[in-house]
Amino acid sequence: MMSRTTVIRDAEKTDMSACSAILNGWIDETGWMARVHDHEDVERYYSDVVFHERQVKVADVDGKVCAFMALSDDAYVTALYVRPDYRRERLGKSLIDHAKTLFPDQLNLWTFDENKGAQRFYRRENFIEVKRTDGDNEENLPDTLFQWGSLVGIPS
């Protein structure tokens, strides 16, 4: 087995195409997830908005973007997605661990109720469920707010 070099780094604008492709792939493969925006709109949004308004971190494996995370200034993980062929390689964990160093007091995120795998992952990472909605989001899907950190009584 070849050794891989993985680096968590700040995204560059040229990475937004790879990030949006990872998200678009996830939407396409997820049967319960409605496609609200076409592929081009997602790529444009990531390049024109997310890159400028969020801290975007990528998991770069041997020079290839294989996962990404977007963070808002108010300590929300607004996106965390991993390429299918790199899932179970701890890239999501590496990204969330990095986010915990950036926001050591509290980290928040929403996940769709149907996304059981993500919920298991966040619970393993010591996030706790704090709120549910019936679909107060663009996709109109029920979702859950999770929090982590000392401000919510979770040891880091």
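Student: Just checking my understanding: could you explain the nonpolar core for this structure?
Tutor: Note on soluble globular proteins: their nonpolar side chains tend to be buried together. Membership of the largest hydrophobic core comes to 24 residues, with the highest contact counts inside it found for Val 77, Leu 80, Leu 91, Ile 96, Leu 107, Tyr 122 and Phe 127. Contributions of two or more residues to this core are made by strand 2 (55-61), strand 3 (64-71), strand 4 (76-82), helix 3 (91-102), strand 5 (107-112), helix 4 (116-124) and strand 7 (143-148). Once residues lying within four places of it in the same chain are set aside, the contact partners of Ile 96 are Met 69, Val 77, Leu 80, Leu 107, Leu 109, Phe 121, Tyr 122, Glu 125 and Phe 127. Of all hydrophobic cores here, the second largest spans 20 residues; its members include Val 42, Val 56, Ala 79 and Phe 112.

Student: What should I look at first to understand the pattern of salt bridges in this one?
Tutor: Working definition: two side chains of opposite charge can pair if their charged atoms are close together. On inspection of all chains with the given rule, the structure shows 14 salt bridges. Its salt-bridge partner being Glu 29, residue Arg 87 comes within 2.7 Å of it at the nearest N-O pair. In this pair, Arg 87 is assigned in the loop between strand 4 and helix 3 and Glu 29 in helix 1 (residues 16-29), connecting sequence segments 58 residues apart. Residue Glu 29 is classed as partly exposed on the basis of its relative accessible area of 42%. Because the salt bridges share partners, they merge into one network encompassing Lys 93, Asp 97, Lys 100 and Glu 125.

Student: Sorry if this is basic, but what is going on with the packing of aromatic side chains here?
Tutor: Inspection of the entire model under this criterion finds 9 aromatic pairs. With a centroid separation of 6.1 Å and an interplanar angle of 80 degrees, the aromatic rings of Tyr 45 and Tyr 46 are classed as edge-to-face. Put simply, the rings of Trp 26, Trp 32, Tyr 45, Tyr 46, Phe 68, Tyr 81 and Phe 112 touch in pairs and so form one group of aromatic residues.

Calculation rules
Residues numbered from 1 in each chain as written. Predicted model: local features only at pLDDT ≥ 70, side-chain atom pairs only at ≥ 80, totals over all residues. Heavy atoms only, no water. Core = buried A, V, L, I, M, F, W, Y, C linked by side-chain atoms within 4.5 Å. Buried < 20%, exposed > 50% of the residue type's maximum accessible area, 1.4 Å probe, protein only. Helix = DSSP H or I, 4+ residues; strand = E, 2+ residues; numbered from the N terminus. Contact = heavy atoms within 4.5 Å. Salt bridge = Lys/Arg side-chain N within 4 Å of Asp/Glu carboxyl O. Phe/Tyr/Trp six-rings, centres within 6.5 Å; stacked < 30°, edge-to-face > 60°.

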